[in-house]
Amino acid sequence: MNRALLDKAIGGTLYEAVASHIAKLIESGTLCPGERTPSVRQLRRQLSVSASTVMEAYRLLESRGLVRARPQSGYFVRGSTAARGKGRSDAAASTLPEPSVSRPSPLAEPVAVADLAASLAARIGHSNVLQLGPAVPAADLLPVEALSRLYGRLARRSRETVHGYITPPGYLPLRRQIARRLIDAGCNRSPDDILITHGATEAVHLCLRAITRPGDVVAVESPTYYGSLEAIESLGLRAQAIPTSAREGMDLDALERALHAGGIRAILISCNFANPLGSIMSDDNKRRLIQLAKTYRLPVIDDDIYGDLAFDEERPAALAAFDDEGWVLAVGSLSKTVSPGLRIGWCCPGRFAGQVLRLKLAASHANAGMAQLVAATFLAEGRYERQVRRLRRYYAQQAERFREVVVEAFPSTTRVTKPRGGHVLWIEAPVGVDSLRLYDRALTHRISIAPGPLFSATGEHRHCLRLNLAVPWSGEVKQALSTLGTLLTVC
Ligand SMILES: Cc1ncc(COP(=O)(O)O)c(C=O)c1O
């Protein structure tokens, strides 16, 4: 379509015609979900229109949910291939609704989750338990062979790096690789902005310590990852759970009301594929969250550990991509994609970089050189992309398989999330079900689950449970899910 055709085609404005031209390319499948759309420059030339007309057209398409903008990368087609080609199983699995928006206690509460987490962890360590509880990828899904070969090769060749101290901010070639990966998340960060940590766990601890004092209140999602709650508890902080939707993440209206009421000193959130809900915050809401951070001068720790595990769309932008004032402390890790055993995490602490670096130096002086060397080489050799592509496909399939069995075997009033990334599933069993009792019963069948109260500062979500999708599919897994469905009726 050229400018003359456009002129003919339109009764309305020029930008609407440009938008409808792009919409047709999407409808016809010429542009597929996840693909980059033609650039402003291409369209300007091709259609003989101005850049502002093209931009206006893209804004219209964005508001209609057809495309999404990614900072510094252009526009991408929204929607999932899986959703377009809905199969029988998906149709079946869609018969259970998703959990409704949570309604946590409106008060800031001291956190008491560490004892429960420790006692549950102590009981599931046996190798003969099917690990549907911990969100840990099974070794079969990880590049174990490739990593083992790298360990052998690099241990022989790089004695200084392996046996010396690598002090913070960490091994430069690894920080370079991470900076390259962050471009995909829409973030332009230099290697000097990145601090290597002992997993995301240490990164979150350091960030929290840098921005709070004991007694402070931290806003969190509800439900939220118990590791975040443990960190809050261990630092003598309080948590204020904010209502959260299984689709869109933290309810920003509720957050704004809580901020307006006063007392909140920081936010700890996972904008992309949060654990356990699998929710993903829209780019518009990420922008709004940054605006709130600026207005209230509030640091936001964004734990983006699952960001690379989008099932079928492009990797979503990280919250930090929208932050031009350094309020976001961005956290990431290789634990969910490459190997939790590497213990490679990182943070980009924005304006709090100095404090976080000093805390890191005081806490551990250095990180293990071997793991950093292996991780840097794994990334530099281009293996990460392949590994992540494989996992994304696998977890998407797993989510459907798990949901299908839940539909078949769980009570009909169960609700279940429909994640678009990550590798966990959150199940809201009928009210009255006691997931701690279910945990006990399931263990007698050699099945572990993560009971709902783990994901709350104060023991809420008692009738809920989280399942780990990162286990290889088998008859045993299917049977275990059916068993859980049966056990639910007596717990
Ligand atoms: C949201 C979230 N953050 C952090 C972690 C822990 O990450 P790491 O192993 O890198 O310390 C997990 C592990 O389950 C997680 O789900």
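Higher on the page you've got the structure.
Conventions used here
- Residues numbered from 1 in each chain as written.
- Predicted model: local features only at pLDDT ≥ 70, side-chain atom pairs only at ≥ 80, totals over all residues.
- Heavy atoms only, no water.
- Helix = DSSP H or I, 4+ residues; strand = E, 2+ residues; numbered from the N terminus.
- Contact = heavy atoms within 4.5 Å.
- Areas by Shrake-Rupley, 256 points an atom, 1.4 Å probe, with all protein chains shown as cover.
- Lys, Arg positive; Asp, Glu negative; His and termini not counted.
- Charge placed at Lys NZ, Arg CZ, Asp CG, Glu CD.
- Polar contact = N/O pair within 3.5 Å; in protein donor to acceptor, adjacent residues only side chain to side chain.
- Near = heavy atom within 4 Å.
- 1 Å grid on protein atoms, 1.4 Å probe; cavity = no way out; pocket = protein on both sides within 12 Å on 5 of 7 lines; lining within 4 Å.
- Sits in = over half its atoms within 2 Å of the grid points.
- Nonpolar A, V, L, I, M, F, W, Y, C, P; charged D, E, K, R; others polar.
- Core = buried A, V, L, I, M, F, W, Y, C linked by side-chain atoms within 4.5 Å.
- Buried < 20%, exposed > 50% of the residue type's maximum accessible area, 1.4 Å probe, protein only.
- Pairing = 2+ DSSP bridges.
- Points joined across faces, edges and corners; volume = space filled by probe spheres on them.
- Axes fitted to C-alpha atoms, helices over the stretch in contact; angles between N-to-C directions.
- Parallel < 35°, antiparallel > 145°, perpendicular 65-115°, else oblique.
- Left-handed = near helix turned anticlockwise from the far one by under 90°.

Let's talk about the overall build of the protein chain
Summing up its helical and strand segments, the protein chain has 19 helices and 18 strands in all. Projected onto the principal axes, the alpha-carbon positions of the protein chain cover approximately 70 × 60 × 55 Å. A fraction of 76% describes how many contacts in the protein chain between residues 6 or more apart in sequence connect residues 24 or more apart. Taken as a whole, the protein chain presents about 20,500 Å² of accessible surface, with 51% of it coming from carbon and sulfur. With 61 positive and 47 negative side-chain charges, the protein chain shows a separation of 5 Å between the mean positions of the two kinds.

Considering the side chain of S105
With respect to the element layout, S105 can be found in the loop between α6 (88-93) and β3 (109-110). Here E109 takes part through its side chain, which lies 2.9 Å from a polar atom of the side chain of S105. The contact partners of S105, leaving out residues within four places of it in the chain, are A241 and E460.

Structural notes on the site of the ligand
Around the ligand sit G199, A200, T201, Y225, N275, D303, I305, Y306, S333, S335, K336 and R343, and those are all the residues in its vicinity. One nitrogen or oxygen atom from the side chain of S333 is found 2.6 Å from an oxygen atom belonging to the ligand. In the environment of the ligand, an oxygen atom lies 2.8 Å from a nitrogen or oxygen atom belonging to the side chain of S335. For the ligand, whose unbound accessible area comes to 400 Å², protein coverage reaches 92%. Using a 2 Å cut-off from the grid points, one finds that the ligand occupies the largest pocket. Ranked by the residues each element gives to the shell around the ligand, the list is headed by helix α11 (residues 199-211), at 3 residues. Here the shell around the ligand is composed, by residue class, of 4 nonpolar, 5 polar and 3 charged.

Thoughts on the environment of A353
Of note, A353 is situated in helix α15 (residues 353-364). Each C-alpha atom of the pair A353 and Y296 lies 20 Å from the other, and the pair is 57 residues apart in sequence.

Structural notes on the nonpolar core
L132, L208, L255, L289, L467 and L484 are the most contacted members of the largest nonpolar core, which totals 145 residues. Per-element accounting of this core gives the leading share, 9 residues, to helix α17 (residues 383-409). Once residues within four sequence positions are removed from consideration, L132 is found in contact with F402, I447, S448, I449, R466, L467, N468, V471, A480, L481 and L484.

Re the pairing of strand β1 (residues 67-70)
The two faces of β1 match: V67 and A69 on one face and R68 and R70 on the other face are all buried. For β1 and strand β2 (residues 74-77), the ladder comprises 4 bridges, and the chain directions are antiparallel. By the bridge assignment, A69 is partnered in β2 with Y75. Here β1 hands over to β2 after 3 residues, with Q72 in that stretch at a positive phi of 65°.

A look at the layout of surface pockets
Taken as a whole, the largest pocket holds about 460 Å³ of empty space. Lining the largest pocket are 28 residues, with T201, Y225, I305, Y306 and K336 sitting closest to its centre. Those elements that place two or more of their residues in the lining of the largest pocket are α11, α12 (226-234) and β10 (264-269). Sorting elements by how many residues they give to the lining of the largest pocket places α12 first, with 5 residues. Grouping the amino acids of the lining of the largest pocket by side-chain chemistry returns 13 nonpolar, 9 polar and 6 charged.

What to know about the packing of helix α7 (residues 114-123) against helix α18 (residues 435-444)
It is at 12 Å that the axes of α7 and α18 come closest, and there the two elements cross at 15°. When the axis of α7 is compared with that of α18, the two are roughly parallel. Of the two possible hands of crossing, α7 and α18 adopt the one that is left-handed. The residues of α18 that touch α7, namely those facing L116, L120 and R123, are L436, Y439, D440 and L443. Its residues assigned to classes, the contact of α7 with α18 shows 5 nonpolar, no polar and 2 charged.

Some details on the sheet that holds strand β5 (residues 195-198)
With respect to topology, 8 strands assemble into an open sheet ordered β3-β7-β6-β10-β11-β12-β13-β5, the strand pairing being mixed. Looking at strand neighbours, the two that pair on one side only are β3 and β5, the edges of this open sheet. Here helix α10 (residues 172-184) sits on the sheet and contacts β5 and β13 (344-348); the angle it forms with β13, its principal contact strand, is near 65°. α12 rests against β6 (217-221), β7 (238-242) and β10 of the sheet, and its axis sits at about 145° to β7.

Focus: empty space enclosed by the protein
Applying the stated criterion across every chain, the model contains 4 cavities of 30 Å³ or more. Of the volumes computed, that of the largest cavity is approximately 200 Å³. Along the walls of the largest cavity sit 17 residues, with L182, D304, D308, R315 and W346 positioned nearest its centre. Elements with a contribution of two residues or more to the lining of the largest cavity: α10 and β12 (328-333). In terms of residue count, β12 provides more of the lining of the largest cavity than any other element does, 4 residues in total. A class-by-class count of the residues in the lining of the largest cavity yields 9 nonpolar, 3 polar and 5 charged.

Section: the packing of α18 against helix α19 (residues 475-488)
Contact geometry of α18 with α19 gives a least axis separation of 10 Å together with a crossing angle of 135°. Between α18 and α19, the interaxial angle falls into the category oblique. Classified by chirality, the crossing of α19 by α18 is right-handed. Judged by residue contacts, L438, R441 and A442 of α18 engage L484, L487 and L488 from α19. In terms of residue class, the contact of α18 with α19 is built from 5 nonpolar, no polar and 1 charged.

Purely geometric numbers; function is a separate question.
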